[in-house]
Amino acid sequence: MTGVSTLGQALRQIENLNLQQTSLAKLSTQLATGKKSQSYSGLSTDALSSVRSRTELSSIEVYINNIKRANTTIGLTLNAVEEFQAQSGEFSNTLVNFLQEGDHLLGEDVFYDDPATPEDDAIKVGKTSSKVDTDFQAVINHAENLFGFFGELLNTQEGDRYLLAGADSLNKPFNDTGTLDTAISTLLTDWKNGSITTDDLLADLFDGTALNGNTNAITDATIGFSSTLSSNQAGDVFVRADENSEFEYTTLANDDSFRDIMVIMAVMKNENFSPIVDVYENGTYPGVPDAKGAPGTTAKEQQDSFYELYNAMTKRASAAIDEIDQTRFDLETVRVQMNETKESHVDQQELLFTTVSDIENVDTNEVAVRITTLQTQLQASYNVTAITQQLTLANYLAR
């Protein structure tokens, strides 16, 4: 038992043991977790700095994830745009390489010799067949094959989101309803009949709106673009890259460059685009042609009219392909800006991680040494306590 004279000493020794045991438990937890404390209160005056740093880290992580998602979206959009441009380039080559001579029709030539003139001045006025030759058919086939494929590119998706639909990303930006083909067929008929000139036809095809007084203009809605795109209500697409920065990377399916290419292909594949000259299947002229060619009274005039239109659309296609470069440049520029911002975030992130680590983490090697030292001290304290408890008056007198 402990005597009265040694009670104070025993209590102090017990308190010392408790403190050592508490310290040992704390050090053991630090060694197991690598953390100074399991709560912010244990960090004392550094707690506020730790909370602020972690809040900043959370915000930066959100911005980095925003940039990563936008980067993926831009990459997929660029793939679609670049494929559209590459295939448009191939189509442009087909247009340029097409021989702009003759009528490119099979069958026999149809001539007319005016009986009112004594001279033998037979003039070619048409053909006996509306079937086009292989060169012209190659142009038509190329346009037909690409039109559907380009529609798929304009409807490129990432998950359930359409990438060329602007902010209206849940609705398909393009849908071939057949209205474009019908409208073009009507315009070509009017052109062939002389109701509209070549300039009128080109304006109808590419003006895009009836607001400037051209009531026959093919609108975006006629082409098949969504109602939000057609009404310029699709909205822009942005990425929040940091607290003060947003980057806009909108690419729309009805951009003029994409629109022009789609219209040109629709014209080229339209069944009313050919024949180049009038067709009289029985070879008899004058008479009502079985198939109407381009405007003109002779085959030569009709060929000239046709190639005037053809050249205008070939030039338009080339210009549209060049304009796609600007779309690509804009997307690449945004991607560079985003990545620069992301690198800045990563640098800041590393600094904040270091700050948090310095505040919250422990040197486990140092903690292990302190545990060993404390265990030795604790064992010594146990020994002293045991000896103290044996110092009674009876034991003292018995010595």
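Calculation rules
- Residues numbered from 1 in each chain as written.
- Predicted model: local features only at pLDDT ≥ 70, side-chain atom pairs only at ≥ 80, totals over all residues.
- Heavy atoms only, no water.
- Axes fitted to C-alpha atoms, helices over the stretch in contact; angles between N-to-C directions.
- Helix = DSSP H or I, 4+ residues; strand = E, 2+ residues; numbered from the N terminus.
- Parallel < 35°, antiparallel > 145°, perpendicular 65-115°, else oblique.
- Contact = heavy atoms within 4.5 Å.
- Nonpolar A, V, L, I, M, F, W, Y, C, P; charged D, E, K, R; others polar.
- Buried < 20%, exposed > 50% of the residue type's maximum accessible area, 1.4 Å probe, protein only.
- Expected span 1.5 Å × (residues − 1).
- Phe/Tyr/Trp six-rings, centres within 6.5 Å; stacked < 30°, edge-to-face > 60°.
- Patch = residues over 30% accessible without salt bridge, like charges linked within 9 Å, V, L, I, M, F, W, Y side chains within 5 Å.
- Areas by Shrake-Rupley, 256 points an atom, 1.4 Å probe, with all protein chains shown as cover.
- Salt bridge = Lys/Arg side-chain N within 4 Å of Asp/Glu carboxyl O.
- Lys, Arg positive; Asp, Glu negative; His and termini not counted.
- Charge placed at Lys NZ, Arg CZ, Asp CG, Glu CD.
- Arc of directions from axis to C-beta.
- Pairing = 2+ DSSP bridges.

Participant: Just give me the short version of the packing of helix 4 (residues 179-192) against helix 5 (residues 198-206), but keep the residues and values in it.
Facilitator: Between helix 4 and helix 5, whose axes approach to 10 Å, the crossing angle comes to 170 degrees. When the interaxial angle is binned, helix 4 and helix 5 end up roughly antiparallel. For the pair formed by helix 4 and helix 5, the contact residues are Ile184, Leu187, Leu188 and Trp191 on the first element and Thr198, Leu201, Asp204 and Leu205 on the second. Of the residues contributing to the contact of helix 4 with helix 5, the split by class is six nonpolar, one polar and one charged.

Participant: Which residues make up the environment of Thr341, and what values go with them?
Facilitator: Tracing the backbone shows Thr341 in helix 9 (residues 299-360). Relative accessible area serves as the criterion here: at 14%, Thr341 is assigned to the buried category. The spacing of Thr341 and Ile64 is 277 residues in sequence and 8.7 Å in space, taken between C-alpha atoms. When neighbours within four sequence positions are excluded, Thr341 is seen to be in contact with Ile67, Ala241, Asp242 and Phe247.

Participant: Give a description of helix 8 (residues 256-269) that names residues and reports values.
Facilitator: Its 14 residues place the ends of helix 8 20 Å apart at the C-alpha level, agreeing with the 20 Å of an ideal helix rising 1.5 Å per residue. Along helix 8, the positions that sit buried rather than exposed are Ser257, Phe258, Arg259, Asp260, Ile261, Met262, Val263, Ile264, Met265, Ala266, Val267 and Met268.

Participant: If you had to explain the packing of aromatic side chains to someone new, which residues and values would you point to?
Facilitator: Under the definition given, this model contains 14 aromatic pairs. Consider the rings of Tyr280 and Tyr285, whose centres lie 5.4 Å apart with planes at 80 degrees: the pair is edge-to-face. Its relative accessible area of 3% is what places Tyr280 among the buried residues. Under the relative-accessibility criterion, Tyr285 is labelled partly exposed at 26%. Taking 5.4 Å as the distance between ring centres and 80 degrees as the angle between the ring planes, the aromatic pair formed by Phe306 and Tyr307 counts as edge-to-face.

Participant: Let's hear about a negative patch on the surface: which residues, and what values?
Facilitator: Judged by side-chain charge, Asp255, Asp256, Asp322 and Glu323 come together as a negatively charged surface patch. Tracing the backbone shows Asp255 in the loop between strand 6 (245-248) and helix 8.

Participant: Describe helix 4, and please don't skip the residues or the numbers.
Facilitator: In a regular helix each residue adds 1.5 Å, so 14 residues correspond to 20 Å; helix 4 covers 20 Å between its end C-alpha atoms and thus fits that length. Those residues of helix 4 not exposed but buried are Leu180, Ile184, Leu187, Leu188, Trp191 and Lys192. Relative to the axis of helix 4, the buried residues are bounded by an arc of 130 degrees and lie together on one face. In the stretch just after helix 4, Gly194 is the one whose phi turns positive, near 85 degrees.

Participant: Please provide a residue-by-residue account of the pairing of strand 5 (residues 238-242), values included.
Facilitator: In this sheet, strand 6 lies alongside strand 5 in antiparallel orientation, the contact comprising four bridges. Looking at strand 6, one finds that Arg240 is bridged to Glu246. The antiparallel pairing of strand 5 with strand 6 creates a hairpin that spans two residues between the two strands.

Participant: Outline unusual backbone geometry, supporting the account with residue identities and numerical values.
Facilitator: Geometrically, the link from Ser274 to Pro275 is a cis peptide bond, its omega value of 5 degrees lying close to zero. For Pro275, the location among the structural elements is in the loop between helix 8 and helix 9. Here Tyr285 and Pro286 are connected by a cis peptide whose omega angle stands at 5 degrees. With respect to the helices and strands, Pro286 occurs in the loop between helix 8 and helix 9. Positive phi, close to 55 degrees, is recorded for His104, a residue that is not glycine. Counting through the fold element by element, His104 comes out in the loop between helix 2 (47-97) and strand 1 (109-112). Of the residues examined, His104 reaches a relative accessible area of 7% and is grouped as buried. Phi at Asn232 is positive, roughly 60 degrees, even though this residue is not glycine. Relative to the elements of secondary structure, Asn232 occurs in the loop between helix 7 (227-230) and strand 5.

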